[in-house]
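# Examination of the molecular architecture
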Amino acid sequence: MKRQTSTTLFQKDLVIAAFKESFIKLHPKTMIKNPVMFMVEIGTVIMFIVTIMTLFSVVSGQGSFAYNFLIFLILLVTLLFANFAEAIAEARGKAQAESLRKTREETPATIIYSDGRTKRISSSELKKGDIFIVKAGEIIPSDGEITEGLATIDESAITGESAPVIREGGGDRSSVTGGTKVLSDQIKVRVTIAQGESFLDKMIALVEGASRQKTPNEIALTILLAGFTMVFLLVTVTLKTFGDYANATLPLASLISLFVCLIPTTIGGLLSAIGIAGMDRALQANVISKSGKAVETAGDVDTLLLDKTGTITIGNRKATNFFPAEGIDKTEFIRICVLSSLADETPEGKSIVELGKTQKVEVSTKDIQQAKLIKFTAETRSSGLDFPDGLEIRKGAFDAIKRITEKAGFSFPAEINNHVKTISSNGGTPLVVTKNSKVVGVIQLEDIIKPGMVERFERLRKMGVKTVMVTGDNPLTAKFIANKAGVDDFIAEATPEEKMNYIKKEQASGKLVAMMGDGTNDAPALAQADVGVAMNSGTQAAKEACNMVDLDNDPTKLIEIVEIGKQLLITRGTLTTFSIANDVAKYFAIVPALFIASIPGLQALNIMRLSSPETAILSAVIFNAIIIPFLIPLALKGVQYKPLGASALLARNLLIYGLGGVLVPFAGIKLIDMAVSIFW
Amino acid sequence: MSTEILGVLFMFMLTLLLAIPFGKYIARVYNGDKTITDFMAPIERAIYRICGIDSHKEMNWKQHMAALLCINMIWFFGAMIILTTQGSLPLNPDGNPSMSYHLAFNTAISFLVNCNLQHYSGETGVTYFSQLTVMTFLHFVSAATGMAALVVVFRAFRDKTTTSLGNFFRYFLLSCTRILLPVAIVVATILAFRGVPASFAGKDQIISMEGDTVNVSRGPAAGMIAIKHLGTNGGGWFGVNSAHPLENPDYVTNITEMVAQVLIPVAMIFAFGYFIKRKKLSWTIFAVMTAGFLMLVIPTIYYEIHGNPEITKMGIDQSLGSMEGKEIRFGSAASAYWAIITTVISTGSVNSMHDSLTPMSGTMTLLAMMINAFYGGCGVGILNYFIFLVITVFIAGLMVGRTPEMFGRKVEAREVKIAIMIALLHPFIILVPTAMAAFGITSNPDLGWLNNPGFHGFSEMLYEYTSSAANNGSGFEGLGDNTVWWNISCGFVLIFGRYLPIIGPVAIAGILASKKYIPESSGTLKIDSITFSITTFAVILIIAALAFFPALVLGPLAEYFSH
């Protein structure tokens, strides 16, 4: 079962922490990182001074104390809202990561020194390169690599998957994660990561902001927003002299209000929260990303490399049919098949035994106790049993078996030849069985495509992502499955080099490639890919080379990651549009209010019919402030992504956030004005 | 009334009909394909040889801009020397004096940057020698400069991943010899046959019907008037520009001049499509620009043909529309159409007095120059539009969940930075000097700049800087602008308003061109789609409207609402 990861949007303790943090973040040194909100802070400080001055009546023409004080207060609240958005996003991310980290803090570890002595120490004392031993029932104290032994491990603490997994030294499944529990046996593990440097530690640091770097995209957007801020600074400052020319006295409070309303505070206030929430959403999907950029890049991916086995098809191939050769009894044939597979631990072998059972053919293990096991090798491409009575059973690939029979002087039966062809051309794998070098029949193995995959590939295609199936199968089988599943391309008989070449070829034509891998031989390709996702069960090498780690070891996760990345960009884009579109209504609220006293004719521009210049300005500033908390949930959850194709998506978002952005503030400001004018 | 509107429609359709094939021709010229003007090739080769130019040397965007700035600098000094010494130079039958240094500065800059703000009057302020060697010469080369810069952008998007963007001098020379010169000859011939003077003789004396003796200025004007429109320059031979009966004698010359000034800006849009083989993009750009143009021209024509309500209240017949400051031979609709054409395109020639436009029409002409990207000047119009395109690509790209791409190249921080700086520049060089002028007049009302007090006076100042920043050159007039302050401040606004908006887009194009080319997928935002065009239109409106709304409110809009 999945770990309950999605907390409610505003948990009480998180809100309290974020509330405190929003005051701490008022420090100019923190604020200056966000140019838009920093300008608001300067405005707030000026308003504070003006308010004090009006209190002691030092200045004239600046309006009443109450008006100035209110404007000051609302500006301060605007700042706090923006800080709160960032703080709550950080708090949520931190809470997610902490809950993962908690499990492995301060677990006892049994360290083995080079002279063989062992000692119980705390996990925090482990250093990179140390070797520790873990017995059944103990918690693994740190990430590491098994140097010796084999064990079943319960990884549900981090993956939520309750079924135990087997880990053994040397090979692709030698990596263990701190915080998981050994269920059986005992293993020796070498610590691969220094304390405080594990992926989770890195992730927490990213979320906390200490090492959070703005992504290229975020930087570009910040520049754009800073540009808009400059334009409006220009507009406000020059307006002062225009006002003087027109004999309109413009109090500072009104000018600063105009400025704060016009600059894109909505997106400025939510920008960092959106970025953090993106990483947080990745974490909720049980993906640890090593940088915010990785998540963002995922949204741009053009080509997706997916392993066939486990991703597109269910696990491994399964036996689905027995075809005996002419003159061979079907039950007898099935019996031979089952016999040959009893000692076969491969999933294919097991599926043959299972299929045999459904056909009411059962063979006891006693029957093969005396037999000698012939293991599958890449050379012979067949396996089987040699019985003491001279009986030899072999099963294997068509061409390998054909060689055996022909060598023994038998001819390969024509009807079996036909069966082999039909099975192959239908995407299945024929497994030919011989008894004493004579063909007795063929077993049909088939790939079962996971339910829902066809729809997912269709969805990816609409997003503009090309899917590529990677498989060790021959091109014919690969093509059949590729067509059936609806992927765009495939790499058959794939070797690590071939994967690497494919990635390089795609990249050379300007595409961004994502892939998932787990083995050591995947590491170069993972490093080469623009988005490399390693499975948590994978080797240390793979995990080092990737830029994201999937804790669930779920190969279909790539698809989710792509969507999270897209969502991140869309949220930024739509909120920017919304923020800028808001300015239209704010202009119509504030500009007439500024000049109505000296130019009565401008009442015609007060299309919202706001009750007085003061309430108009107050309403605009209040709207500007409260829109931030209203949009925090959207910033944290992200704008819903629909794969519609770029133009349709743009039309949709433009209609909702562009047109909506123009209209909503008209209604909002009018409503606030109605409420404010009751008290004013 | 309806005949007048039909006349306007006819002018627009005629322009479009000529611009499309002409655009194709322009694309072929720059591409080096065979054209009917290939007979010019020997002349071009001779020019290359005399100047020691290797026209096949490929330049990157920085080399292009260095070439552009150098050549412009030389022209500036040449113009300064001639204008300040013209009194003692030949071809001065009327004995006009040399210019003051600040007027010469303003005039030289103004013609150099394709603006043609004229703080002098052609009849008395310049000699025939200056008209020919400074004004007419700069009319040609300033237009060709803008076109050559645009071709650099064309080139950047024609090839995949490249830094070599052709040769600046070649683009420049081809613009002169293959595009501007042949068409200018045709236009000048039509004008000369319809009565525009083409003579080196000095003032002529006529005796008016009242029996007064009047000295009428003339000169070799037809050629200059042709290129002033064709190159979207606008600096006229006579002080009152194309409202003058010898500069624009009748409705036929009015149509000719009108079509001539829109021809190249519109043709360049189509040339873009032919050149980079994306004709649909041309049509969408044309559609956005035309939508913007209609948004400006329809209200203007409406308010002008309905006349000034204040005058109607006095009981004066206004069936001809608002005719104050207009020529009866053109009528109110054609004058309104001209007013918008001349401001959307950076021509700035006038056939009526913009100071006398009704307040709403005044707003529209101001807005046209504030946006400065609907058709726009020779070459530079599309460069301005390109800036909005980059900003739109960025915002819209985010909205569809992909790092924004333009013509297959990623738009990143550096490009956004340049684009927003150029977008910021325009309000900066309009609002800041206007604020300074407003401050000056508020603190010292005796400066005597303004003939009209109040909102209209503000509009006059705002118009002057807007016109300078947009390199337009038309004036609201009523402003005493031949003073040190106005000459110098406008001069600087002109320089910034010209060169930075050329360098910015070319730099962006150059940087994008050198990036990795990404093929389109269904997730790519298509910039020639209808949705994207609507987004571009909204971005242009919002950026222009947001920056200038308060200024417009205090100028023409206050005037409109206060009556």
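Note that the coordinates shown come from a computational prediction; the quantities given were computed from them, not determined experimentally.

This part is about the overall build of chain B. Regarding its fold elements, chain B presents 18 helices and four strands. Relative to the 2.2 N^0.38 estimate, which gives 24 Å for 563 residues, the radius of gyration of chain B is 23 Å and therefore close to what a compact globule would have. By principal-axis analysis of the C-alpha atoms, chain B measures approximately 75 × 55 × 50 Å. Among the 563 residues that make up chain B, the fraction classed as buried is 65%. Contacts in chain B between residues far apart in sequence, at least 24 positions, make up 77% of those at least 6 positions apart. A total of about 19100 Å² of accessible surface is found on chain B, and carbon and sulfur atoms cover 68% of it.

Another point: the pattern of salt bridges. Tallying each qualifying case throughout the model produces 35 salt bridges over all chains. When salt bridges with common partners are traced through the structure, they connect Asp302(A), Arg402(B), Glu405(B) and Lys410(B) into a single cluster.

With 39 residues, helix α20 (residues 557-595) of chain A ought to run about 57 Å at 1.5 Å a step, and its terminal C-alpha atoms sit 58 Å apart, in line with that. Its axis deflected by about 35° at Lys586(A), α20(A) carries its strongest bend there.

Let us now look at the interface of chain A and chain B. The interface of chain A with chain B comprises 62 residues on the first partner and 61 residues on the second. Contact between chain A and chain B buries roughly 5000 Å² in total, counting both sides, with carbon and sulfur atoms accounting for 78%. It is Phe242(A), Tyr245(A) and Leu650(A) in chain A that bury the most area against chain B; as a group they hold 16% of the surface buried on that side. One can count one salt bridge joining chain A with chain B. Here Arg402(B) ties to Asp302(A) by a salt bridge, and the two come within 3.0 Å at their closest N and O atoms.

A separate point is the sheet that holds strand β19 (residues 513-517) of chain A. Residue and element names in this part refer to chain A. Across the sheet, seven strands lie side by side as β9-β21-β20-β19-β10-β17-β18; this open sheet has mixed pairing. Since the sheet does not close on itself, it has two edges, and those belong to β9 (287-289) and β18 (489-491), each with one partner. Taking each pair of neighbouring strands and ignoring which way they run, the sheet shows an average axis angle of 20°. The sheet contact formed by strand β10 (residues 303-307) and strand β17 (residues 466-470) spans five bridges and is parallel. Looking at β17, one finds that Asp307 is bridged to Val470.

Our focus in this paragraph is the packing of helix α7 (residues 216-245) of chain A against α20(A). All names here are of chain A. At a minimum axis separation of 12 Å, α7 and α20 run at an interaxial angle of 5°. The angle between α7 and α20 places the two elements in the roughly parallel class. Side by side, α7 and α20 meet where Asn217, Glu218, Leu221, Leu225, Phe228, Phe232, Val235, Leu239 and Gly243 of the first sit next to Leu569, Arg572, Thr576, Ile580, Asp583, Tyr587, Leu594 and Phe595 of the second. Across the contact of α7 with α20, the residue classes break down as eleven nonpolar, three polar and three charged.

Right, let's talk about the side chain of Thr51(A) for a bit. Residue and element names in this part refer to chain A. Residue placement: Thr51 occurs in helix α3 (residues 35-55). The class for Thr51 is buried, based on a relative accessible area of 3%. In this structure, Thr51 is in contact with Phe65, Asn68, Phe69 and Phe72, ignoring residues within four places of it in sequence.

Residue and element names in this part refer to chain B. Domain annotation for chain B reports domain 1 (2-276) and domain 2 (386-561). The partner domain 2 presents 38 residues to the 37 residues of domain 1 that form the contact. For the pair domain 1 and domain 2, the two sides together bury roughly 3000 Å², of which 71% comes from carbon and sulfur. The largest per-residue losses of area from domain 1 upon contact with domain 2 belong to Trp61, His119 and Phe157, which jointly make up 22% of the total buried on that side. Scanning the region where domain 1 abuts domain 2 turns up zero salt bridges. Taken together, the connections running from domain 1 to domain 2 amount to twelve residue pairs in polar contact (both at pLDDT 80 or more). Looking at the side of domain 1 that touches domain 2, the elements that each hand over two or more residues are α3 (61-85), α4 (101-112), α6 (128-158) and α9 (251-276). The residue inventory of the side of domain 1 that touches domain 2, partitioned by class, reads 20 nonpolar, 15 polar and two charged.

Glancing now at helix α13 (residues 398-407) of chain A. All names here are of chain A. Of the positions making up α13, those classed as buried are Ala400, Ile401 and Thr405. Within α13, the buried residues cover an arc of 130° as seen down the axis, which keeps them to one side. Exposed positions of α13 whose direction lies more than 90 degrees from the buried face are Arg403 and Lys407. Looking at the buried side of α13, the elements it contacts are β13 (382-386), β14 (392-396), β15 (429-435) and β16 (438-446). A positive backbone phi angle near 90° is found at Gly409, which sits one or two residues after α13.

So, on to the pairing of strand β2 (residues 118-122) of chain A. Residues and elements named next belong to chain A. One ladder, built from five bridges, connects strand β1 (residues 108-112) with β2; its direction is antiparallel. Bridged to Ile111 within β2 is Lys119. The hairpin formed by β1 and β2 contains five residues between the paired strands, and Gly116 there has a positive phi angle of roughly 95°.

Rules and cut-offs
Every chain's residues receive numbers from 1 upward, in the order its sequence appears when written. Whichever chain is written first is A, and whichever ligand is written first is 1; the rest continue in order. Side-chain atom pairs in this predicted model are given and counted only at pLDDT of 80 or more, local residue features only at pLDDT of at least 70, and totals for whole chains, interfaces and linings cover all residues. Note: side-chain values were computed over all heavy atoms of the structure, leaving out hydrogens and water. Counting from the N terminus, the helices are the DSSP runs of H or I reaching at least four residues and the strands are the DSSP runs of E reaching at least two. Our radius of gyration is a C-alpha quantity, and the globule rule it is checked against amounts to 2.2 Å times the number of residues to the power 0.38. Exposed residues in this analysis have more than 50% of their type's maximum accessible area, buried residues have under 20%, and partly exposed residues fall in between, with area computed by a 1.4 Å probe over protein chains only. Whether two residues are in contact is decided by their heavy atoms: any pair within 4.5 Å suffices. Under the convention used here, a 1.4 Å probe and the Shrake-Rupley method define accessible areas, while residue burial counts only the protein chains that appear. One speaks of a salt bridge when a side-chain nitrogen belonging to Lys or Arg is within 4 Å of a carboxyl oxygen belonging to Asp or Glu. One less than the number of residues in a helix, times 1.5 Å, gives the span that helix is expected to have. Bend, in this description, refers to the angle at a residue between axes fitted to the seven residues ending there and the seven starting there. Buried surface area refers to the total accessible area, computed with a probe of radius 1.4 Å, that the two partners give up upon joining, counted for both partners together. Note on pairing: two strands pair once DSSP finds at least 2 bridges between them. To get an axis, fit a line to the C-alpha atoms, keeping to the stretch in contact for a helix; angles then go from 0 to 180 degrees between the N-to-C directions. Angles below 35 degrees are treated as roughly parallel, those above 145 as roughly antiparallel, those between 65 and 115 as roughly perpendicular, and all remaining angles as oblique. Polar here means any residue outside two lists: the nonpolar Ala, Val, Leu, Ile, Met, Phe, Trp, Tyr, Cys and Pro, and the charged Asp, Glu, Lys and Arg; Gly therefore counts as polar. An automatic or database domain assignment provides the domain bounds reported here. Here a polar contact means two N or O atoms within 3.5 Å. Within protein one must be a hydrogen donor candidate and the other an acceptor candidate, and residues neighboring in sequence count only if both atoms are side-chain atoms. Regarding the arc, it is the one traced by the directions from the helix axis to the C-beta atoms.

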